[in-house]
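Results of the structural survey
Residue-level listing of the chains:
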Amino acid sequence: MTTETATLAGGCFWGMQDLIRKMDGVVSTRVGYTGGDTENATYKNHGTHAEAIEVVYNPEKISFRRLLEFFFQIHDPTTENRQGNDRGMSYRSAIYYADEAQKAVALDTIADVNASGLWPDRVVTELEPVGAFWEAEPEHQDYLERIPNGYTCHFIRPDWVLPKRTAAE
């Protein structure tokens, strides 16, 4: 099986992991810190890193575009450095692309989200090349599977679904 990796930040990594891991075609997920300035980042010392999720997926079952569409449905990409009650750079919205193809899909998806008018404002999601990913501590991995009633600010927003694209698009 061929796999690809997507690295996404959209607020607290627990909630994103819990929802994304359930998607058909997702092989594995892990949470951690990326996009910042601290070597060997940890929960107590992650500098300007964002809380992020690394998603290994099977592109024959799910596309990078579909992952991004769901990513935009489960967090608010229009709030800068914030998701729900979580505030600060750690909770920013970002896509860390692995190659130019992922960058192009991300730009296209962001443009479609903005054009749709379905979200409360314009997308502020950062788009940066992927860098070092520092895996979070074991107690943060699979958090909501172990503590089902734990804190999360992520949920599926049924009204934030992009219209289906036609074959010509």
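Quick note: structure is the one above.
Report on the accompanying structure. (Residues numbered from 1 in each chain as written. Predicted model: local features only at pLDDT ≥ 70, side-chain atom pairs only at ≥ 80, totals over all residues. Heavy atoms only, no water.)

1. Thoughts on the nonpolar core
Applied cut-off: Residues belong to a common nonpolar core when they are buried Ala, Val, Leu, Ile, Met, Phe, Trp, Tyr or Cys residues joined through side-chain atoms within 4.5 Å. Exposed residues in this analysis have more than 50% of their type's maximum accessible area, buried residues have under 20%, and partly exposed residues fall in between, with area computed by a 1.4 Å probe over protein chains only. Per the convention used, a helix needs a DSSP run of H or I reaching at least four residues, while a strand needs a run of E reaching at least two, with both numbered from the N terminus. The contact rule is simple, with two residues in contact once any of their heavy atoms fall within 4.5 Å.
Counting residues in hydrophobic clusters, the biggest one holds 26 residues, and the most contacted among them are L8, I20, V55, L67, L68, F72 and I95. Elements that contribute at least two residues to this core include exactly β1 (4-10), α1 (13-20), β3 (50-57), α2 (64-74) and α3 (100-116). A per-element tally of this core places α2 first, with seven residues. When neighbours within four sequence positions are excluded, I95 is seen to be in contact with T7, L8, F64, L68, F71, F72, A106, I110, T125, E126, L127 and E128. In this structure, C12, A41, W134 and Y143 belong to the second largest nonpolar core, which totals ten residues.

2. Examining α2
Across the eleven residues that make up α2, a large majority, nine, are buried. Along α2, the residues that are buried comprise F64, R65, L67, L68, F70, F71, F72, Q73 and I74. For α2, the secondary structure elements touched by its buried residues are β1, α1, β2 (26-34), β3, β6 (93-97) and α3.

3. Side note on the pattern of salt bridges
Rules: Only one rule defines a salt bridge in this text: a Lys or Arg side-chain nitrogen within 4 Å of an Asp or Glu carboxyl oxygen.
Enumeration according to the criterion identifies ten salt bridges in this entry. Between E69 and R65 there is a salt bridge, with its nearest N and O atoms 2.7 Å apart. A residue pair is termed a helical-turn pair when its members lie 3 or 4 positions apart in one helix, as E69 and R65 do in helix α2 at four residues. E69 gets classed as partly exposed once you look at its relative accessible area, which sits at 21%. In this structure, R92 engages E126 in a salt bridge whose closest nitrogen and oxygen atoms are separated by 3.1 Å. Taken together, the positions of R92 in the loop between β5 (86-87) and β6 and E126 in strand β7 (residues 126-129) put the pair 34 residues apart, joining distant regions of the chain. Judged by its relative accessible area of 29%, E126 falls in the partly exposed class. A cluster of three or more residues bridged by salt bridges with shared partners is formed by R65, R66, E69, D108 and D112.

All quantities given are derived from atomic positions and should not be read as evidence of function.
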